[in-house]
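Geometric and topological summary
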Amino acid sequence: TGDDAGRVKCWEMNEKMPGEDWTLRWNQEHKGRIVAIQRGGGDSVLTAALDGRIIAWDAETGEFVFNIPNHKVWLGSMCLSEEQDLLVTDGRD
């Protein structure tokens, strides 16, 4: 999940009670509102925020993997191709 404060949280579902009981696996932060989250290539989670950055996090641990900066005004959304070899973003720059 992501919120207006830039917090990113990864939750783990309880297998005995699917959809009813969730445990926080990890949390991290951007410096702006989260606008998009999706599963990345390999074992990563991609987050995009109004701080103009896309960050890849390790899905298991939440550790920082890499950063894609350079949206100067704002970042609106992102989409990773099915082959996971092309990432498309939009923004006002």
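Residues numbered from 1 in each chain as written. Predicted model: local features only at pLDDT ≥ 70, side-chain atom pairs only at ≥ 80, totals over all residues. Heavy atoms only, no water.

Right, let's get into the pairing of strand S8 (residues 87-91). Summarising the sheet, strand S7 (residues 75-80) and S8 pair through five bridges and their orientation is antiparallel. Bridging from a neighbouring strand, Met78 pairs with Thr89 of S8. (Pairing = 2+ DSSP bridges. Helix = DSSP H or I, 4+ residues; strand = E, 2+ residues; numbered from the N terminus.)

Right, let's get into the environment of Ser77. Relative to the helices and strands, Ser77 resides in strand S7. We classify Ser77 as partly exposed; its relative accessible area is 33%. For Ser77 and Thr89, which are twelve residues apart along the polypeptide, the C-alpha to C-alpha distance reads 5.6 Å. (Buried < 20%, exposed > 50% of the residue type's maximum accessible area, 1.4 Å probe, protein only.)

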